[in-house]
Amino acid sequence: MEWLKELNQQQLEAVLSTEGPLLVLAGAGSGKTRVITYRIAYILNMGLAKPSNILAITFTNKAADEMKERIKRLVSVESFSEMWVSTFHSACARILRMEAHNIGFSNNFIIFDMQDRHQLLKECFERLNIDEDRLELRYVSRQISNFKNMLISPSDIYKEGKTDPRVAEIYKLYNKLLKEYNAFDFDDLLYYTIMLFRTNPDILEKYQQKFRYILVDEYQDTNYAQFYLIYLLAQKHRNICVVGDDDQSIYSFRGANVRNILEFEKVFNDAKVIKLEKNYRSTKTILSAANEVIKNNIHRKPKRLWTENSEGEKIYLYPAFDEVDEANFVSMSIKNLIQSGIKPSEIGVLYRTNAQSLNFENALSAHAIPYKVVGSLRFFERKEVKDILAYLRLIVNPHDNLSLFRVINVPKRGIGPSTVEKIKVLSDEYGISAYSLLKERGVLEFDRRTYFKLNEFVSLLEDIRTEAETKSVVEVIKLVLDKTKYMETLLSSKNEEDFQRAKNLEQLISAAAMFEEENEDKSLQNFLNSIALSFEEDDAQKEDKVMLMTVHAAKGLEFDVVFLTGLEEGLFPLLRAEDTIEMEEELEEERRLCYVAITRAKKFLVLTYANNRRVFGRFSSRQRSCFVDEIPAKYIQQIYTPLRNVNSFDTQLNKSQQNSTKTTLAVGDIIQHNKFGIGKILSLSEDLNEVLVDFEKYGQKRLLLSYANLKKI
Ligand code: ATP
Ligand code: MG
């Protein structure tokens with residue numbers, strides 16, 4: 001095991017302490033994820049367990065894939081695929097796939113994504129006659145999610161009597177319908193796995209026995225249900241290793257509870273605790289900046305990371321005129337960086353909110369730079385894709401009403417809203433699925449013409465189902481596109497949008513082909529499963545493209561160059577709270593988020609903000625983020641033009657130091673010149689040297705920045 005040398009003393013200790021509970025509490029880039037990876041390799045190599053005895057939890061599917069790859073490089077064992085390296089959700093889905101029948105679901109359940117969930121909630125609102133204006137759907141959705149994460153059932157709420165009774169009603173109905181559809185939402189995956197274990201001690205024991213070693217990455221962002229699941233599973237062997245960083249807890253809005261990590265030692269009172277303090281990822285400058293920012297949080301365990309890495313470049317700060325200028329700056333810089341040899345996939349563009357991606361997407365496309373938006377996997381949410389997925393879901397489970405109603409008239413087959421309404425009412429009355437109703441009672445309940453159309457639809461579904469039995473996923477998709485005439489309809493349209501839709505469906509086929517290549521379980525069921533579970537990510541890691549993502553999505557990742565954008569008050573930090581206590585808590589979480597963002601960078605960190613931004617279509621001036629000012633000025637270098645290339649970084653640095661203009665200069669700024677008086681900056685040259693100013697009295701003049709001594713006013 002030569003590779004054990006690739007660990008420092010503390011890391012090694014963590015890897016070798018395989019027995020008993022272990023907590024690794026350490027800052028960003030200190031090798032926590034590496035500890036988990038090497039620990040698994042060590043366990044396998046020493047023969048302490050078989051792959052099937054290991055359960056490793058990562059925060060994203062992407063992280064899981066990466067971890068598997070790394071372990072494979074360290075050890076070669078048989079039956080590697082029997083090892084569980086996955087997210088909580090995937091692990092639970094896998095358990096329920098085998099056991100759901102024990103709690104009244106069937107094992108071929110479907111998983112509802114966010115959209116399905118909102119759709120179903122809407123239906124609950126309607127059925128209960130609750131006005132959406134009165135009670136916000138998103139609020140209820142969040143509440144229900146919180147209940148499930150806290151393992152609170154609908155009947156528990158009634159007992160407590162604290163919650164709005166309407167929310168309780170909705171929660172109850174929502175769960176009832178899910179069960180009827182044989183579906184789980186994301187929170188259910190955990191909720192019902194725990195319920196399964198609680199009500200079936202023998203099943204719990206089976207899994208306790210199986211998972212001899214349990215490892216959890218990013219433990220600071222686990223919620224109560226996740227904690228409890230791990231707690232249950234670890235009771236037998238107690239070989240539980242969790243790693244995390246309280247400074248990187250950034251999901252409290254989704255019910256994550258940082259106390260899980262802080263109280264680990266209480267729950268497992270013989271736990272060993274190892275701290276790692278050496279950072280291997282970032283330059284001294286970047287790490288110092290991160291340390292300086294996070295130390296402003298009052299509620300934290302003090303710790304300070306250090307590194308042997310070089311000082312590195314200063315952190316660049318670009319004050320943009322507006323969000324378009326910001327996006328152009330980022331794109332032009334990236335173009336230069338790529339030209340100077342940096343791999344696109346080593347560049348990350350981070351932002352606080354998803355909506356910010358659009359400007360970057362536009363600017364990057366304009367410069368013909370390959371990019372990938374990670375995290376907002378809009379692809380599978382597009383209408384045409386969801387339509388086809390609905391057909392696929394009906395193949396697996398014809399009683400999935402939500403999918404059935406989605407496509408009953410898509411493409412158009414003359415089944416109108418009133419017929420659909422009638423189907424809903426009747427199936428409810430008889431307590432059967434819409435599909436059963438149509439099949440068993442269609443002829444009785446509908447007039448001849450309607451029945452004819454409905455019957456045609458049912459036969460279509462049955463045809464597809466029968467033929468699909470012997471086909472691969474790719475073939476099944478093609479079959480659906482063909483039989484439903486979906487593709488034909490799109491292609492015969494003259495609408496450009498429809499053409500685009502057809503392209504997206506081709507893309508879906510490619511995605512399925514990729515799925516078949518990569519997965520052992522190539523069933524349609526598993527395909528749908530993997531889509532539902534990839535809700536926050538995609539296959540980005542394999543492509544050499546610039547990565548665009550929110551800071552949340554960047555957790556655990558690292559890049560040579562990071563552009564951290566939109567550093568403005570009101571955007572990052574993004575504060576919503578009204579009262580001061582909540583506001584302080586939120587500000588601390590935003591600061592942790594900023595800490596996560598900064599520590600993603602290995603070599604270069606570039607910060608940007610816009611002096612003006614269109615918000616809800618209104619052009620308004622902005623103030624730069626307090627986080628920028630928390631980084632001591634000595635680490636920061638303001639720049640006014642796009643980065644040239646890596647080699648010229650030094651020269652840029654020198655030039656800018658010479659001109660020692662400490663103020664923020666950007667296009668649009670009003671400045672004062674000793675001789676020419678007051679003027680407005682029209683443009684800045686690429687090499688940082690020249691500035692074009694429109695002076696009130698003297699008109700346009702080109703000046704050398706290093707001599708002009710301009711003062712911003
Ligand atoms: P985060 O908190 O961001 O998740 P982490 O603590 O999980 O970070 P890793 O991602 O495991 O940190 O490690 C950060 C980087 O440092 C990786 O590139 C990793 O390969 C490298 N690294 C970790 N430990 C060592 C070591 N002992 N020697 C050399 N490189 C190391
Ligand atoms: Mg990590």
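Residues numbered from 1 in each chain as written. Chains lettered and ligands numbered in written order. Predicted model: local features only at pLDDT ≥ 70, side-chain atom pairs only at ≥ 80, totals over all residues.

Per an unreviewed UniProt entry, the protein chain is named DNA 3'-5' helicase, and its organism is Caldicellulosiruptor naganoensis. Taken verbatim from the UniProt record of the protein chain, the Sequence similarities (unreviewed entry) comment is "Belongs to the helicase family. UvrD subfamily." (UniProt positions renumbered as here; feature names shortened; annotations may be inferred.)

J.: Help me get a handle on the pairing of strand S22 (residues 690-695), residues and values and all.
T.: Pairing analysis gives five bridges linking strand S21 (residues 677-684) to S22, with the strands arranged antiparallel. Its bridge partner being in S22, Gly 679 is matched across the sheet by Phe 695. Strand direction decides the pairing type here: S22 and strand S23 (residues 699-704), joined by six bridges, are antiparallel. Of the residues in S23, the one forming a bridge with Leu 692 is Arg 702. Between S22 and S23, which pair antiparallel and follow one another directly, the connecting turn spans three residues. (Pairing = 2+ DSSP bridges. Helix = DSSP H or I, 4+ residues; strand = E, 2+ residues; numbered from the N terminus.)

J.: Break down the sheet that holds strand S15 (residues 559-564) for me, with residues and values.
T.: With respect to topology, seven strands assemble into an open sheet ordered S13-S14-S12-S15-S16-S11-S19, the strand pairing being parallel. At either end of the open sheet lies a strand with only one pairing partner, and these are strand S13 (371-373) and strand S19 (636-638). Ignoring which end each strand starts from, the neighbouring axes of this sheet average 25° apart. Bridge count for S15 against strand S16 (residues 601-610) is five bridges, and the pairing is parallel. Among the inter-strand pairings, Val 562 is bridged to a residue of S16, identified as Leu 605. In the packing of helix H16 (residues 357-366) onto the sheet, the strands contacted are strand S12 (347-351), S13 and strand S14 (546-550), and the crossing angle to S13 comes to about 160°. (Axes fitted to C-alpha atoms, helices over the stretch in contact; angles between N-to-C directions. Contact = placed C-beta atoms within 7 Å.)

J.: Please provide a residue-by-residue account of the site of ligand 1, values included.
T.: Neighbouring ligand 1 are 19 residues; Gly 31, Lys 32, Thr 33, Arg 34 and Tyr 280 lie closest to it. When residues in the shell around ligand 1 are grouped by element, the largest group, three residues, is from helix H2 (residues 32-45). Residues of the shell around ligand 1, tallied by class, amount to four nonpolar, nine polar and six charged. (Near = placed C-beta within 6 Å. Nonpolar A, V, L, I, M, F, W, Y, C, P; charged D, E, K, R; others polar.)

J.: How would you sum up unusual backbone geometry? Please name residues and give values.
T.: Note that the residue after Val 410, namely Pro 411, is joined by a cis bond; omega there is -10°. By the secondary structure assignment, Pro 411 is in the loop between helix H18 (401-407) and helix H19 (417-430). Notably, Arg 238 is not glycine yet its phi reads approximately 60°, a positive angle. For Arg 238, the location among the structural elements is in the loop between helix H11 (224-234) and strand S7 (240-244). Accessibility expressed as a C-beta count within 10 Å gives 14 for Arg 238, which makes it partly exposed. Phi angles above zero are rare outside glycine, and Lys 485 is one such case at about 65°. Note that Lys 485 resides in the loop between helix H22 (473-483) and helix H23 (486-492). (Buried ≥ 20, exposed ≤ 12 C-beta atoms within 10 Å, placed from the backbone.)

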